[in-house]
Amino acid sequence: MEYDTKGKVLKKAVVWKELYFYRKSDAIYQLTVEFCKRYLPAHGDRTVDQMVQAARSGKQNIVEGSEDGQTSSEMEIKLLNVARGSLQELRLDYQDYLNTHHLPLWAADSERQRRLRDFCHSHNDYSDYEPLLAKMNDEEMANLALTLCHQTDKMMCAYIEKLEHRFVTEGGIKERMHAARTGYRQELDAHMRALEVENKQLKARIKELEEELERTRKS
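A brief report on the enclosed structure follows. (Residues numbered from 1 in each chain as written. Predicted model: local features only at pLDDT ≥ 70, side-chain atom pairs only at ≥ 80, totals over all residues. Heavy atoms only, no water.)

Some points on the overall build of the chain
Secondary structure assignment for the chain yields seven helices and zero strands. Taken from the N to the C terminus, the helices and strands of the chain come in the order α-α-α-α-α-α-α. With 219 residues in all, the chain has 34% of them scored as buried. Of the roughly 13,900 Å² of accessible surface on the chain, 52% is carried by carbon and sulfur atoms. (Helix = DSSP H or I, 4+ residues; strand = E, 2+ residues; numbered from the N terminus. Buried < 20%, exposed > 50% of the residue type's maximum accessible area, 1.4 Å probe, protein only. Areas by Shrake-Rupley, 256 points an atom, 1.4 Å probe, with all protein chains shown as cover.)

Take a look at the structure:
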């Protein structure tokens, strides 16, 4: 976000495609579509729609929040929190799948979870995961999705915290517009005062010249 004292109102546009947590959210969405296609019934199970919609909502609200953030920091923060909420719902769905199918949620300190966590930490795009999915079963895919959701949430929390801090210190667009108008008025007032001083000086000089001219005529 950029704001200067010269009255810049709009923030610098965020390229959402370059945000790591957006790229991870897109990977989560595509992974979820594949997971549902492979392991959940095509018809008669609302879980499929819920999971796909939650995954899609996660990534789409990141896009909308970033786009709206140019003109409204409040809306950006709100939509990013909506995205977080959607991905949290998705995490619960994956956890429910593991529970109902008597599959383990990998322990945080286990070796396979550590390897998975390290891999997800350094890979953000679905293309990084797609070649691996053909070799994965439902347990592995669910734990992969949960790890990605957790990491994405942590990244978004840090990003939102930074936005909130900037909003408090710099304000939203209304505050920045007010500051810009105030700065413009102050600059205009200073210019008018300078003109008034210059005008008085010119009048005094003109009076001096007129008096000098009058004295010259008399002599």
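Some thoughts on the environment of histidine 102
Tracing the backbone shows histidine 102 in the loop between α3 (73-100) and α4 (111-121). In this structure histidine 102 comes out as exposed when scored by relative accessible area, which is 73%.

What to know about the packing of helix α1 (residues 20-39) against α3
Orientation of α1 relative to α3, taken along the N-to-C sense of each, is 35°, at an axis distance of 12 Å. Between α1 and α3 lies a crossing whose hand is left-handed. Note on element contacts: α3 touches α1 through Leu80, Leu87, Leu90, Tyr94 and Tyr97, opposite Phe21, Ile28, Leu31, Thr32, Phe35 and Tyr39. Here the residues of the contact of α1 with α3 are counted per class, giving ten nonpolar, one polar and no charged. (Axes fitted to C-alpha atoms, helices over the stretch in contact; angles between N-to-C directions. Left-handed = near helix turned anticlockwise from the far one by under 90°. Contact = heavy atoms within 4.5 Å. Nonpolar A, V, L, I, M, F, W, Y, C, P; charged D, E, K, R; others polar.)

A few points about the side chain of asparagine 143
Take asparagine 143: it is sitting in helix α6 (residues 138-170). Asparagine 143 sits in the buried class, given a relative accessible area of 1%. For asparagine 143, the side chain forms a polar contact with the main-chain oxygen of proline 104, separated by 3.2 Å. Here the side chain of asparagine 143 touches glutamate 139 through a polar contact of 2.9 Å, landing on its backbone oxygen. Among residues more than four places away in sequence, those in contact with asparagine 143 are Leu98, Pro104, Leu105, Trp106 and Leu116. (Polar contact = N/O pair within 3.5 Å; in protein donor to acceptor, adjacent residues only side chain to side chain.)

Overview of the nonpolar core
Of all hydrophobic cores here, the largest spans 42 residues; its most connected members are Leu31, Ile62, Leu80, Leu90, Tyr94 and Leu144. Looking at which element gives the most residues to this core, the answer is α6, with eleven residues. Once residues lying within four places of it in the same chain are set aside, the contact partners of isoleucine 62 are Leu19, Phe21, Tyr22, Ser25, Leu80, Ala83 and Met156. (Core = buried A, V, L, I, M, F, W, Y, C linked by side-chain atoms within 4.5 Å.)

Overview of the side chain of glutamine 113
Note on placement: glutamine 113 falls in helix α4. Beyond its immediate stretch of four places on either side in the chain, glutamine 113 contacts Trp106, Ala107, Ala108 and Thr147.

Remarks on the packing of aromatic side chains
In total, this model carries six aromatic pairs according to the counting rule given. Taking 5.0 Å as the distance between ring centres and 75° as the angle between the ring planes, the aromatic pair formed by tryptophan 16 and tyrosine 22 counts as edge-to-face. Here tryptophan 16 and tyrosine 22 have matching classes, each one buried. Here phenylalanine 35 and tyrosine 94 contribute two aromatic rings whose centre-to-centre distance is 5.1 Å and whose plane-to-plane angle is 65°, an arrangement assigned as edge-to-face. Taken together, the residues span a long stretch of sequence, with phenylalanine 35 in helix α1 and tyrosine 94 in helix α3 at a distance of 59 residues. On the accessibility criterion, phenylalanine 35 (0% relative accessible area) is buried. A relative accessible area of 0% means that tyrosine 94 is categorised as buried. Three or more aromatic residues joined by ring pairs make a cluster, and in this case those are Phe35, Tyr39, Tyr94 and Tyr97. A cation over a ring is seen here: lysine 59 above tyrosine 29, with NZ or CZ 5.2 Å from the ring centre. (Phe/Tyr/Trp six-rings, centres within 6.5 Å; stacked < 30°, edge-to-face > 60°. Lys NZ or Arg CZ within 6 Å of the ring centre and 35° of its normal.)

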